[in-house]
Amino acid sequence: MKKIDLRSDTVTLPTPAMRQAMANAELGDDVFGDDPTINRLEEIAAQKLNKEAAVFVASGTMGNLVALLTHCGRGDEVILGDKAHSFRAEAGGMAALGGIHPMPLANQPDGTLKLDDIRSAIRPDDEHYPKTRLIVLENTHNACYGTPLLPAYMQAVFALARENNLRVHTDGARIFNAAVAQNVDVREFTQSTDSISFCLSKGLSCPVGSLLCGPRDFIAAARRNRKAVGGGMRQAGVLAAAGIVALETMIDRLAEDHAHAKYLAEQLADIPGIDLDVDRVKTNIVFFDAQPNVMSAPELRKRLEREGVLILDTNATRLRAVTHYGIERADVEDAARAVKKVIGNL
Ligand SMILES: *Cc1c(COP(=O)(O)O)cnc(C)c1O
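No experiment lies behind these values; they were computed from the predicted model shown. (Residues numbered from 1 in each chain as written. Predicted model: local features only at pLDDT ≥ 70, side-chain atom pairs only at ≥ 80, totals over all residues. Heavy atoms only, no water.)

Mind laying out the overall build of the chain, listing which residues take part and the relevant values?
In terms of regular secondary structure, the chain is built from 14 helices and 13 strands. Across its three principal directions, the C-alpha atoms of the chain cover 60 × 55 × 35 Å. Counting the 346 residues in the chain, one finds 55% classified as buried. Taking as baseline every contact in the chain between residues at least 6 positions apart, the subset at least 24 positions apart corresponds to 73%. Here the chain displays about 14800 Å² of accessible surface, and carbon together with sulfur accounts for 49% of that area. (Helix = DSSP H or I, 4+ residues; strand = E, 2+ residues; numbered from the N terminus. Buried < 20%, exposed > 50% of the residue type's maximum accessible area, 1.4 Å probe, protein only. Contact = heavy atoms within 4.5 Å. Areas by Shrake-Rupley, 256 points an atom, 1.4 Å probe, with all protein chains shown as cover.)

Dropping the structure here:
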């Protein structure tokens, strides 16, 4: 039975063109700055995001950690969302490894932080308090239904940061999904953040890697922090080769994933026993709830697995499905049919 794997866009496999490019990549020792393929990927990424420089890292988590270690010293405070990936899902790395103090604020349903909340969270200059140093935004917002932040919102946060001498880092794991969904150039976002990380290994389908982009001196300092966390890789051009293919050919197709997610949402919303607000689905992430009197989310996940459909349960009622390269409209139809069958078979 063919498995329809909607657990995450991280399950994507490299394309044939990527495998070819990886096999043929020119390599060197990247810690010595000698890997031409890594150097080229970093140049392309910096240029695409309109930043001075970029550094290749092993994962989105490493990109965020290295960014925070570079922006903040021990005891410095970071304002971020309580549903932010960097707060919830990165093993507390900022605190464990950087002595950085998180100041979580309520994420609104659209993934934003209220400007007033940010304003009141900024610490006055008083020896009792940690020093507020950084604001972290997430675009698209994974836990908030994959909602993309608007360029105007990012501008407003950036202006507030500047008024208060703070820096902004954006966890842009899916920043190209945000750009494609709103039909804007990614620069519309990146002009309103000091640094940004994005993943090659999600919808862009690479096997491994993320890039952290920002000002030249920031990226130079980030390289030292990447080394400190064990992220200095040697002939990493084998990975970067796939990244170049991704940035050159895999961005526009994200629109297909968004269309498939919307279609899946429409199909699921029609199933009695499933609650889902189709309007909230704006990119490639679909959250939906199983009504508790019908079936628990873990039970629904288990039964779907027997039908060859893999999704994640995120709590007792909620499930998440993510569309990506390799998932076609027919797969989405089959997945929705499986949900209907499993729920109808009670
Ligand atoms: C996936 C993800 C990350 C981390 O990426 P990994 O490569 O899995 O470490 C960071 N932020 C967001 C919003 C993500 O969705």
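Which residues make up the site of the ligand, and what are the values?
Neighbouring the ligand are 13 residues; Gly60, Thr61, Asp171, Arg174 and Lys202 lie closest to it. A distance of 2.6 Å separates an oxygen atom of the ligand from a polar atom in the side chain of Thr61. No other element matches helix H3 (residues 60-71), which puts three residues into the shell around the ligand. (Near = heavy atom within 4 Å. Polar contact = N/O pair within 3.5 Å; in protein donor to acceptor, adjacent residues only side chain to side chain.)

Residue-level account of the nonpolar core, with values.
What tends to happen in soluble globular proteins is that the nonpolar side chains get buried as a cluster. Formed by 54 residues in total, the largest nonpolar core has its most connected members in Ile118, Phe176, Phe198, Leu200, Leu204 and Leu247. With eight residues, the single largest contributor to this core is helix H11 (residues 237-249). The residues touching Leu247, leaving out its near neighbours within four places in the chain, are Leu41, Ile44, Ala45, Lys48, Phe176, Phe198, Leu200 and Leu204. Leu264, Ala265, Val332 and Ala336 belong to the second-largest nonpolar core, a separate cluster that totals 31 residues. (Core = buried A, V, L, I, M, F, W, Y, C linked by side-chain atoms within 4.5 Å.)

Which residues make up the sheet that holds strand S10 (residues 285-290), and what values do they have?
Here we have four strands laid out as an open sheet, ordered S9-S10-S13-S12, and antiparallel in their pairing. Looking at strand neighbours, the two that pair on one side only are strand S9 (274-275) and strand S12 (312-313), the edges of this open sheet. (Pairing = 2+ DSSP bridges.)

Outline the side chain of Thr112, supporting the account with residue identities and numerical values.
Here Thr112 is to be found in the loop between strand S4 (101-105) and helix H6 (115-121). Given a relative accessible area of 12%, Thr112 falls into the buried group. Side-chain polar atoms of Thr112 contact the side chain of Asp110, separated by 2.6 Å. In contact with Thr112, not counting residues within four places along its chain, are Ala106, Asn107, Leu149 and Tyr153.

Could you give an account of the packing of helix H1 (residues 16-24) against H11, naming the residues involved and the relevant values?
Running from N to C, H1 and H11 point in directions that differ by 140°, and their axes come no closer than 8 Å. Regarding the angle of H1 to H11, the classification is oblique. As H1 runs across H11, the sense of the crossing is right-handed. Of the residues in H11, those touching H1 at Ala17, Met18, Ala21 and Met22 are Val238, Ala241, Ala242, Val245 and Ala246. By residue class, the composition of the contact of H1 with H11 is nine nonpolar, no polar and no charged. (Axes fitted to C-alpha atoms, helices over the stretch in contact; angles between N-to-C directions. Parallel < 35°, antiparallel > 145°, perpendicular 65-115°, else oblique. Left-handed = near helix turned anticlockwise from the far one by under 90°. Nonpolar A, V, L, I, M, F, W, Y, C, P; charged D, E, K, R; others polar.)

Talk me through the environment of Pro151; I want residue IDs and the actual numbers.
By the element assignment, Pro151 lies in helix H7 (residues 151-163). Sequence separation of Pro151 and Glu328 is 177 residues, and the distance between their C-alpha atoms is 30 Å. Beyond its immediate stretch of four places on either side in the chain, Pro151 contacts Gln182, Val184, Glu188 and Phe189.

Break down the pattern of salt bridges for me, citing the residues and quoting the values.
Tallied over the full model, the rule gives 19 salt bridges. We note a salt bridge from Asp29 to Arg234, for which the minimum N-O separation is 3.2 Å. With Asp29 in the loop between H1 and helix H2 (36-48) and Arg234 in the loop between helix H10 (216-228) and H11, this pair connects stretches of sequence that are 205 residues apart. Here Glu333 and Arg329 are joined by a salt bridge, their closest N and O atoms 3.6 Å apart. On the criterion of helical spacing, the pair formed by Glu333 and Arg329 is a turn pair, its members being four residues apart in helix H14 (residues 329-344). With relative accessibility at 27%, the residue Glu333 sits in the partly exposed group. Overall, the relative accessible area of 45% leaves Arg329 in the partly exposed class. (Salt bridge = Lys/Arg side-chain N within 4 Å of Asp/Glu carboxyl O.)

Tell me what's going on with the pairing of strand S2 (residues 53-57), and back it up with residues and numbers.
Within S2, five of the five residues are buried, which leaves the element mostly enclosed by the surrounding structure. Burial of S2 is two-sided: the residues Ala53, Val55 and Val57 facing one way and the residues Ala54 and Phe56 facing the other way are all buried. Note that S2 and strand S8 (residues 210-214) share five bridges and pair antiparallel. Across the sheet, residue Ala54 finds its bridge partner in S8, namely Cys213.

That's the geometry; what it means functionally is another story.
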